[in-house]
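# Architecture and fold: a report
Okay, here's what each chain looks like letter by letter:
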Amino acid sequence: MTGLALRTLRFHKGGFVASFLAMFLGALLVIACGGLLETGIHHAAPPQRLAAAPVVVTGDQRYHDTVEELVFPERIRPAADLADRLAAVPGVRKAVPDVSFPVTLNGEGSRATGHGWSSAALTPYRLTAGAPPAGADQVVVGAALADRAGLRVGARVGLLTNGTAERYEVSGIARGTDDGDALFLSDTEAARTSGHPRQADSIGLLTTPGTDPTTLARDVRRALAGSGTPLAVLTGDARGQAENPAVLADGGDLIPLAAAFGGLAVLVTVFVVAGTLGLSIRQRERELALLRAVGSTPGQLRRMVVAETLVLAAVATALACVPGPRAGRWLLGAFADAGVVPGSIAYRAGSVPLIVGIGTALLTAVCAALVAAHGAARTRPTEALAESGLQRRWFSIARTVTGALCLAGGTALALGTARSAGPDAGGVATPAALVWTAGFGLLGPVLARACTALLSRPLGAVSGLAGQLAAANARARTSRLASAVMPVMLATGLALTLAYLQTTESAGAERAFDESLRADLVVTSQAGGLTPDTLAAVRGTPGVAAATAQIPGTGYIETPRAERTGDGEEGASGPRPTELALRGVTVEGLDRTTSYRAATGSLGALRGHTVALPTADATSRGLRIGDPVPFRLGDGSPVTLKLVATLDGRRGYETALIPAALMLGHTDSGLIPQIMVTAARGTDRAALTAALTARSASGPGLTVTTREAVTAAYSEQDDTQAWMAYLVLASVVGYAVIALVNTQILATTERRREFGLQRLIGATRGQVLRMTAVEAVLTATVGIALGILVAACTLVPAGLSILDSALPSGSPLILGTVLAAALGLTVATTLLTAGAVLRTRPGDGTTV
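As the structure is a computational prediction, the values presented were derived from the model and not from experiment.

Further remarks concern the overall build of the protein chain. A tally of regular secondary structure across the protein chain gives 26 helices and 23 strands. Taking as baseline every contact in the protein chain between residues at least 6 positions apart, the subset at least 24 positions apart corresponds to 83%. A total accessible area of about 35600 Å² is found for the protein chain, and carbon and sulfur atoms account for 59% of it.

Quick look at the structure:
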C-alpha cells in the first residue's frame, strides 16, 4: 500500500497541496519558536565594550538558592580596589575597573554612556585625534557621538549626569570596535561623576599571551572566595551580562514567551492540519470505498493514508528547516525592537529546535492521518455504489465525549481566569481560548447543524432559490460545512481573543497607574535624576501645595527558614520569596500627590527602616502592625523592616512603600527619578510649570510635565510592550487565515462533480455562483458566530478579573475589522475557486 500511496499523490494535487502548506507553515512556526526558546536558555550576549577582556568580574545579580531563581534588577557592584587583588592572579596582565553612567549632552540632547579613560582598553578604544583626558575638566568623545553632535578637539561641551551639569573640554576623539555612544573622563572624575566612587560596575582582566580564559576564570573564583560581595566571573558570550545585567532577567523572559508562543503555534497547527487533512480524505471517499469493494482491508487503507501523509510531512518539514532559523532570528529582532528583550541577546539555536519542529510536525501529521484514516477504513464496500458525498456517520461517541471534556476544561479555565489577579489573567485566558476552540471544533457538526437550522429560513427569504439550495446543501453535508467553518472560527476566535485580551490588559494597567496619581505635575531631569536638594527646592517654589519623591523599584519578602519549601532535588529547594512592586516615597504631602491610603496603621510612620505592605500580602503571612519583615531590596541587600501600615489596592496591581531615603542607596543611580507635585488651590499650572523649569540652579535639566502627559507616556510604553503581543497575534492568526483560505479552496474544488451535474440539468453559471456565494456567507456567518462565542467565553472572565467588567476594553473597529476580514476572505476565496471550477465544460466534472 505504501507504493500505491506514492503513486496516488500526483492524482490528488489539490488536497495534498493544501495539507502540505499547512504542515510547512506549522513546522516553520514551531522551529522558529524552538530557536527562541533555546536562545532564552543560553541568553548569550556577546560583549561589545568589554570584548578585549577574556575574563570579566562583576556582581552576581542572581537571587540564589530560591525555588524559582530570581534576578535582582539593580546592579550589584564589586569594590573598585578589588582590581589590585585580581591583578596578582597568575595570567592576569592588567585588571581594569570599569564604571558606566548615563550622560546627556546639554543643549544637544544626545544620550551617551560615560566611563573612565583607563577602561577604554577593554573594548579597545584608540585615539584618532587629540590626547587622553589629563584633568578633571577634559573628556574624550567616541567618534560616532562626535560625528553626530558635531564635536571636535578643543570644543566645549556641557554634560548632564548624576543630577548635575558640568562643562568639559574635548581633549580627544576615540574610535572603538563597538561603535557605541561612549565618552571618557579621567578615572578620578569618572568615579566621582558615577555616584559610586569606591565601586566599579565590572573589572575586566587583560591576560598574558597564552593564558586560557577558562583556567584563569577558575583561578579567579578561588582568589575571590570569601570576598563578601556576591561576584560572577564571566567568560565567552556571558561577558555581555556585565555590560547589561538585564540580559539575565529579560533574557530569561524569552523562555516563557517562546514556550507560550510555540505552544500556541503547536495547538493551532494541530487544528489546521487535522482539519485540512480530514477534508482532503473526505474528498476521496468514493475512491476509498472502491478500494474496499475490490478487496482492500481496513488496515491497508490506514497504511496508505498514513504513508501519503508521512511523505508530505517529511518533505514539508525538511523544507521548513531552511527558513525556520531565519524566522527565529527575525522574531528575536522584532522582540528586541519592541523592548521586550535586550538587543544584545544573540540568537543561539542548534539542532534541538529543528529536531523538535520536525518531530512535532510529523507527530501531528501522523495523529491527524490516523484519525482521518479511521473513518475511511470503516467505509463499507457497498458504499462504492452509493453517493458517498452524502454524509451518513456524521458524529461519534468518542468525538462527543472529547468535545464535552474540552468544554468542561474551558469552563474550568474560565473560572480560573475570573479568579486570577489582573496581570495574571492573560496567562490563563490564552489556553482557555484554545480549549474552547477545540471543544467547539469537535462538536462542530452539531453546532453547524443548529446554526444552519436557525439561519435557513431568513437566508432563503433574503436570497430566494439560491438560499434554499445553499441551506439544503448545508443540511445534507454537515460534516463538510463543519470542516469549512472550523478555520473561520479559529481565525476569528483567536484574532478577537488575543487582540481584545491585550487591549484589556493595557487598560487595566493604565487604570491602576492613573488611579495611583493625584499630582498635577511631575518633575523629572535629563541629568539622570534629581537630588534631595532639588526636592526641597521644588517644595519651596511658590504655588506648590505638596511635593513628594517617588522611586519605582522591586522588592522581595523573604520566607522564614522554617517555611521554606522544596522537594529535595538540587536547585529545587529553598525560600520562595514574594516579589513586589516597590515605591520609595517621602511621606510629606503623600496623601495629596498619590492615592495611597493606609488600611491599617499610618503612612506617616514611613521613616527609617519601615515598610507599608499590601493588605493581601500582610494577611497571607499573618503580619501585624509593628512586626519585623525580612526583606530584600532591588540590589539584593537584606534588610529587616518594621511593618507600619497596610495598603488596599487593585488586585494584582498592589504596591509596597518604603522611605525614599532608604531606597536611594539601593538603586543604580542613587537619585530620585521623579517628583510628584500638587499645585496650591487657585495656582495657574502653566505659571507653576514655568517657575519649576526655571529653577535650573537647584536641578539642571529639569523637565516638568502634566499628569495627563505622564499617563500618556506610560500608555505609550505599555503600547511598545503590546507590540510583542500583536506580533504573536499576527503570526498565529496569519497562519489560521492561510488555513482558512486553504480550506475554502479545497472544499470548493471538491464540488467539481456537483457543479457539473447542476450545469447539465440546466443551471447557469451565474446561478451556481449565487448559490455558492450564499453558502460562503452561511459558512462565514456560522464560523464568525462560533468565533465570537469562543472570544466571549474567554474575554468575559478576563474582563471581570482585570477591569471588573464583563465587557473587554478596546476599539469596536477591532471587531468590525476581524468580522469583515473573515467574511470577505471566505466569500472571495469561495467565489474565485468556484469560478475557476465552472470554467470547465459541465460534462468534464461528472466523471468519477
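Read on, since the account is not over.
Strand order in the open sheet made by the 4 strands is 4-12-1-13, with antiparallel pairing throughout. Among the strands making up the open sheet, the edge pair consists of strand 4 (92-98) and strand 13 (231-235). On average, each strand axis in the sheet is inclined to that of its neighbour by 20°, with strand direction left out of account. Contacts between helix 6 (residues 213-224) and the sheet are confined to strand 1 (55-59), strand 4, strand 12 (202-207) and strand 13, with strand 13 contributing the most and set at about 170° to the helix.

Taken as a whole, this structure holds 6 aromatic pairs when the rule is applied. Relative to Phe72, the ring of Tyr63 has its centre 4.8 Å away and its plane inclined at 25°; by these criteria the two rings are stacked. Tyr63 sits in the buried class, given a relative accessible area of 3%. Looking at Phe72, the relative accessible area reads 5%, which means it is buried. The interplanar angle of 80° and the centroid separation of 5.7 Å between the aromatic rings of Phe72 and Tyr556 together place this pair among those described as edge-to-face.

As a working rule, side chains carrying opposite charge can pair if their charged atoms are close by. Counted by the stated rule, this structure contains 14 salt bridges. Here Arg192 makes a salt bridge to Glu166, at a shortest N to O gap of 3.9 Å. Of the two residues, Arg192 is situated in helix 5 (residues 187-194) and Glu166 in strand 10 (residues 164-176); the sequence distance between them amounts to 26 residues. The partner of Glu558 in a salt bridge is Arg632, with the nearest N and O atoms 3.0 Å apart. In this pair, Glu558 sits in the loop between strand 15 (544-557) and strand 16 (578-585) while Arg632 sits in strand 19 (residues 628-632), placing the two residues 74 residues apart along the sequence. Classification of Glu558 as buried rests on a relative accessible area of 15%. Among the charged side chains, a network of salt bridges with common partners joins Arg75, Arg77 and Asp201.

Turning to a nonpolar patch on the surface, a few remarks are in order. A surface patch of nonpolar side chains, about 330 Å² in accessible area, is lined by Ile397, Val401 and Leu405. For Ile397, the location among the structural elements is in helix 13 (residues 397-419).

Here we come to the pairing of strand 1. For strand 1, the buried fraction is high: 5 of the 5 residues fall into the buried class. Pairing geometry for strand 1 and strand 13, over 5 bridges, is antiparallel. Along strand 13, the bridge assignment pairs Thr58 with Ala232. Bridge analysis of strand 1 against strand 12 gives 4 bridges, and the strand direction is antiparallel. Within the sheet, the bridge partner assigned to Val57 lies in strand 12 and is Ile203.

Further remarks concern the side chain of Ser801. Following the sequence through the fold, Ser801 ends up in helix 25 (residues 765-803). Overall, the relative accessible area of 7% leaves Ser801 in the buried class. For Ser801, the residues in contact, after removing those within four places along its chain, are Thr417, Ala418, Ser420, Ala421, Gly422, Ala425 and Arg651.

On the secondary structure map, Leu746 appears in helix 23 (residues 707-749). Leu746 gets classed as buried once you look at its relative accessible area, which sits at 4%. When the C-alpha atoms of Leu746 and Ser19 are compared, they prove to be 9.7 Å apart, with 727 residues separating the residues in sequence.

A few words on the packing of helix 13 against helix 14 (residues 425-442). Where helix 13 meets helix 14, the closest approach of the two axes is 8 Å, and the angle between their N-to-C directions is 160°. Considered as vectors, helix 13 and helix 14 are oriented roughly antiparallel to each other. Relative to helix 14, helix 13 is oriented so that their crossing is left-handed. On helix 14, the residues that touch Arg399, Thr402, Gly403, Cys406, Leu407, Gly409, Gly410, Thr411, Leu413, Ala414, Gly416 and Thr417 of helix 13 are Ala425, Val428, Ala429, Pro431, Ala432, Val435, Trp436, Ala438, Gly439, Phe440, Gly441 and Leu442.

Now for helix 11 (residues 323-337). Taking 1.5 Å of rise per residue, the 15 residues of helix 11 would be expected to cover 21 Å, and the 21 Å separating its terminal C-alpha atoms lies within 8% of that figure. Listed in full, the buried residues belonging to helix 11 are Gly324, Gly328, Leu331, Leu332, Ala334 and Phe335. Each buried residue of helix 11 lies within a common arc of 160° when the element is viewed along its axis, so the set occupies one face. Within helix 11, the exposed residues directed more than 90 degrees away from the buried face are Arg326, Trp330 and Asp337. Just beyond helix 11, the residue with positive phi is Gly339, at close to 80°.

As a further point, take the environment of Ile625. Tracing the backbone shows Ile625 in the loop between helix 20 (615-620) and strand 19. Classification of Ile625 as partly exposed rests on a relative accessible area of 42%. In this structure Ile625 touches Thr600, Gly601, Leu643, Val644, Ala645 and Thr646, once residues within four positions along its chain are discounted.

All right, on to the environment of Leu831 then. Tracing the sequence through the fold places Leu831 in helix 26 (residues 812-837). Once you skip the residues sitting within four places of it in the chain, Leu831 turns out to touch Leu769 and Ala773.

Definitions and cut-offs
Residues numbered from 1 in each chain as written. Predicted model: local features only at pLDDT ≥ 70, side-chain atom pairs only at ≥ 80, totals over all residues. Heavy atoms only, no water. Helix = DSSP H or I, 4+ residues; strand = E, 2+ residues; numbered from the N terminus. Contact = heavy atoms within 4.5 Å. Areas by Shrake-Rupley, 256 points an atom, 1.4 Å probe, with all protein chains shown as cover. Pairing = 2+ DSSP bridges. Axes fitted to C-alpha atoms, helices over the stretch in contact; angles between N-to-C directions. Phe/Tyr/Trp six-rings, centres within 6.5 Å; stacked < 30°, edge-to-face > 60°. Buried < 20%, exposed > 50% of the residue type's maximum accessible area, 1.4 Å probe, protein only. Salt bridge = Lys/Arg side-chain N within 4 Å of Asp/Glu carboxyl O. Patch = residues over 30% accessible without salt bridge, like charges linked within 9 Å, V, L, I, M, F, W, Y side chains within 5 Å. Parallel < 35°, antiparallel > 145°, perpendicular 65-115°, else oblique. Left-handed = near helix turned anticlockwise from the far one by under 90°. Expected span 1.5 Å × (residues − 1). Arc of directions from axis to C-beta.

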